[in-house]
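Coordinate analysis (summary)
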Amino acid sequence: MANAIIAYQNRIDESTFDSYGSWEASLPLANIKNRILSKVARSTSDANSDTRIRFSLTKARIVGTVAIVNHNLSTNATWRYRVYSDSGYSTLTYDSGLLDAWPTMPVGYYEWEDDGFWDMRPPEEDRVLFTATSIHVPTTTVVDQYYQIEFFDSANPDGYVELGRIFVGKKYQPTTNMELGASVGYESRTVIEEAISGTEYFDRRNSFRIARFNLNMLDSADSFLISDLMKISDTDAEVVFIYDPDDSTSIGRKSFLGRFRSLSPIEQPYTTLYRSTFEVKELL
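Report on the accompanying structure. Quantities reported herein were computed from a predicted structural model and do not represent experimental measurements.

1. Structural notes on the overall build of the chain
Within the chain one finds three helices and 19 strands. Its C-alpha radius of gyration of 20 Å places the chain within 12% of the 19 Å reference for a compact globule of 284 residues. Counting only C-alpha atoms, the chain reaches 60 × 55 × 35 Å along its principal axes. Restricting the contact set of the chain to residue pairs at least 6 apart, pairs at least 24 apart contribute 75%. With an accessible surface of roughly 13900 Å², the chain has 48% of that area assigned to carbon and sulfur atoms.

Listed below in C-alpha cells is the structure:
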C-alpha cells in the first residue's frame, strides 16, 4: 500500500483553453471552471477529434495530481494526459499513456450472471450511481505550462462526453502513511419525516463520502507542509483525497474531490515528531 495523497491548490481556474476539440456553445469548456459539478461541458460528438482539450496555465507549475470529475465516460473508455513545454504543443515532457476511465473491480465482486462479470467494470446502469472521477498521479515531477487531455469513448451511449470539473494541482504525500483505523464511508443526506401514525416518509438525496484519518510520526518538513496545506485550502478550497495511489481497484471508490471539513492543529507528541487529524468531505 502506497502512502495516501492529498492534492490541493487546483489551478484549472487560471487556465486558458485553446481552440481544440469541439464543444457545445451552450455547454462550453468554460463550465469546467465552475465548481458546481452539474454545470458540465459537453462535446459535440463522441469522436476523439471532438473530445480533447488543450489549456495553458499562467506560468509553469508542478502538477502532482489530475482528476476528471463528474464525467459520463462509459465503462470501457480511456483517456490520456500529456504535458508540453511550448505553446505549439510540440515538445512533450510527460505522457501518461492510455488510462482506464473506470477501474476494474476485484475478483468476486460480480457474480457470474452480472453484466460486469467478464470485464470486471461497472455496467452502464451502475456507473450513474457514483460521482464518476478518474484520477492520475504522474509518475515523474514535471514543471511546465501547457497541457493536453484526450478522451477515447467513441461508443459512448450518450453520443458525447460530459465533464463537470477538472482538477490539476500539487500533491502532498506524507513520509509516514495514515495510522491504522483510517476510514472512508458514506454519510446520508436523506431527510426522514415521521407522521403522527408512525409512518415514515423519505426524501432521498445523494449521500457523500467522508474520509477520516490520522497522520502520525511525521518529521519537521511534514509539519510545515501540512500547515501550508491547511492554510491554502482552509475549509472551502478543493482537495483530492487518494486513499492508495497504487491500488487501481480502490481508487474509484476510496478517492474523491472534496474539501476539509475542519482544520486540525499540528501536535508534537514527541521531541522531534508531529501528528495531525484529517476529515475530508466529498463535494457533490
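2. A few points about the nonpolar core
Counting 30 residues, the largest nonpolar core has Ile32, Ile53, Phe55, Trp79, Tyr81 and Ile149 as its most contacted members. If you list the elements that add at least two residues to this core, you get strand S4 (52-62), strand S5 (65-69), strand S6 (78-84), strand S10 (143-152) and strand S12 (165-172). If you look at the next biggest cluster of nonpolar residues, it comprises 20 residues, including Met230, Val239, Phe241 and Phe278.

3. Looking at the pairing of strand S14 (residues 191-194)
Both S14 and strand S15 (residues 200-203) contribute to a ladder of four bridges, which runs antiparallel. When the bridges of S15 are listed, Val191 appears paired with Asp203. Hairpin connection, S14 to S15: the antiparallel pair is bridged by five residues, and Gly198 has positive phi, about 100°.

4. A short note on the packing of aromatic side chains
Aromatic ring pairs are reported here in terms of the distance separating the ring centres and the angle at which the planes meet. This structure, assessed with the given rule, holds 11 aromatic pairs. Centroid distance Phe55 to Tyr147: 5.4 Å. Interplanar angle 15°. Geometry classified as stacked. Of the two residues, Phe55 sits in strand S4 while Tyr147 sits in strand S10, which places them 92 residues apart along the sequence. A single burial state applies to Phe55 and to Tyr147, both of which are buried. Between Phe241 and Phe256 the ring centres are 6.0 Å apart and the planes differ by 55°, which places this aromatic pair in the tilted class. Taken together, the positions of Phe241 in strand S17 (residues 239-242) and Phe256 in strand S18 (residues 255-260) put the pair 15 residues apart, joining distant regions of the chain. Relative accessible area serves as the criterion here: at 1%, Phe241 is assigned to the buried category. Judged by its relative accessible area of 1%, Phe256 is buried. Taken together, Phe213, Phe241, Tyr243, Phe256, Phe260 and Phe278 form an aromatic cluster joined through their ring pairs. Sitting over the face of the ring of Tyr89, Arg54 holds its NZ or CZ atom 4.4 Å from the ring centroid. In this arrangement the basic side chain of Lys281 is found over the ring face of Phe208, its NZ or CZ atom lying 4.2 Å from the centre.

5. Thoughts on the sheet that holds strand S1 (residues 5-8)
Strand order across the open sheet formed by nine strands is S9-S5-S12-S1-S17-S18-S19-S16-S13, with antiparallel pairing between neighbours. Looking at the sheet topology across the chains shown, the edges are occupied by strand S9 (133-136) and strand S13 (183-187). When strand polarity is set aside, the average angle formed by the axes of neighbouring strands in this sheet is 35°. By the bridge criterion, five bridges tie S13 to strand S16 (residues 208-218) in an arrangement that is antiparallel.

6. A word on unusual backbone geometry
Not every positive phi belongs to a glycine, and Tyr89 is a case in point at roughly 55°. Within the element layout of this structure, Tyr89 appears in the loop between S6 and strand S7 (92-95). Tyr89 sits in the buried class, given a relative accessible area of 7%. Phi angles above zero are rare outside glycine, and Met217 is one such case at about 55°.

7. Some points on the pattern of salt bridges
Applying the stated criterion to the full structure yields 15 salt bridges. One salt bridge connects Arg165 with Glu238, and the closest N-O pair in it is separated by 2.8 Å. Taken together, the residues span a long stretch of sequence, with Arg165 in strand S12 and Glu238 in the loop between helix H2 (220-233) and S17 at a distance of 73 residues. Taken individually, Arg165 and Glu238 each receive the classification buried, so the pair is uniform in this respect. The partner of Arg275 in a salt bridge is Glu267, with the nearest N and O atoms 2.6 Å apart. Owing to a relative accessible area of 35%, Glu267 belongs among the partly exposed residues under this scheme. Three or more residues are tied together by salt bridges with common partners; here these are Asp13, Arg35, Arg165 and Glu238.

8. Quick word on the side chain of Glu150
Relative to the elements of secondary structure, Glu150 occurs in strand S10. Of note is the side chain of Glu150, whose polar atom sits 3.2 Å from the side chain of Gln148.

9. Observations concerning H2
For an α-helix, the turn length of 3.6 residues means that residues three or four places apart are oriented alike. Look at H2: 20 Å from first C-alpha to last across 14 residues, which is about the 20 Å you get at 1.5 Å a residue. Three or more residues of H2 are buried, namely Asp222, Ser223, Ile226, Leu229, Met230 and Ser233. The buried residues of H2 occupy one face: seen down the axis, they fall within an arc of 125°. H2 presents Phe224 and Lys231 as exposed residues on the side facing more than 90 degrees away from its buried surface. On its buried face, H2 is in contact with S1, S12, S16, S17, S18 and strand S19 (274-282). Two to three positions downstream of the cap, the backbone nitrogen of Ala221 sits 3.2 Å from a side-chain oxygen, assigning the N-cap of H2 to Asp219. Count one or two residues on from H2 and you reach Asp234, which has phi positive near 50°.

Rules used throughout
Residues numbered from 1 in each chain as written. Predicted model: local features only at pLDDT ≥ 70, side-chain atom pairs only at ≥ 80, totals over all residues. Heavy atoms only, no water. Helix = DSSP H or I, 4+ residues; strand = E, 2+ residues; numbered from the N terminus. Rg over C-alpha atoms; globule rule 2.2 N^0.38 Å. Contact = heavy atoms within 4.5 Å. Areas by Shrake-Rupley, 256 points an atom, 1.4 Å probe, with all protein chains shown as cover. Core = buried A, V, L, I, M, F, W, Y, C linked by side-chain atoms within 4.5 Å. Buried < 20%, exposed > 50% of the residue type's maximum accessible area, 1.4 Å probe, protein only. Pairing = 2+ DSSP bridges. Phe/Tyr/Trp six-rings, centres within 6.5 Å; stacked < 30°, edge-to-face > 60°. Lys NZ or Arg CZ within 6 Å of the ring centre and 35° of its normal. Axes fitted to C-alpha atoms, helices over the stretch in contact; angles between N-to-C directions. Salt bridge = Lys/Arg side-chain N within 4 Å of Asp/Glu carboxyl O. Polar contact = N/O pair within 3.5 Å; in protein donor to acceptor, adjacent residues only side chain to side chain. Expected span 1.5 Å × (residues − 1). Arc of directions from axis to C-beta.

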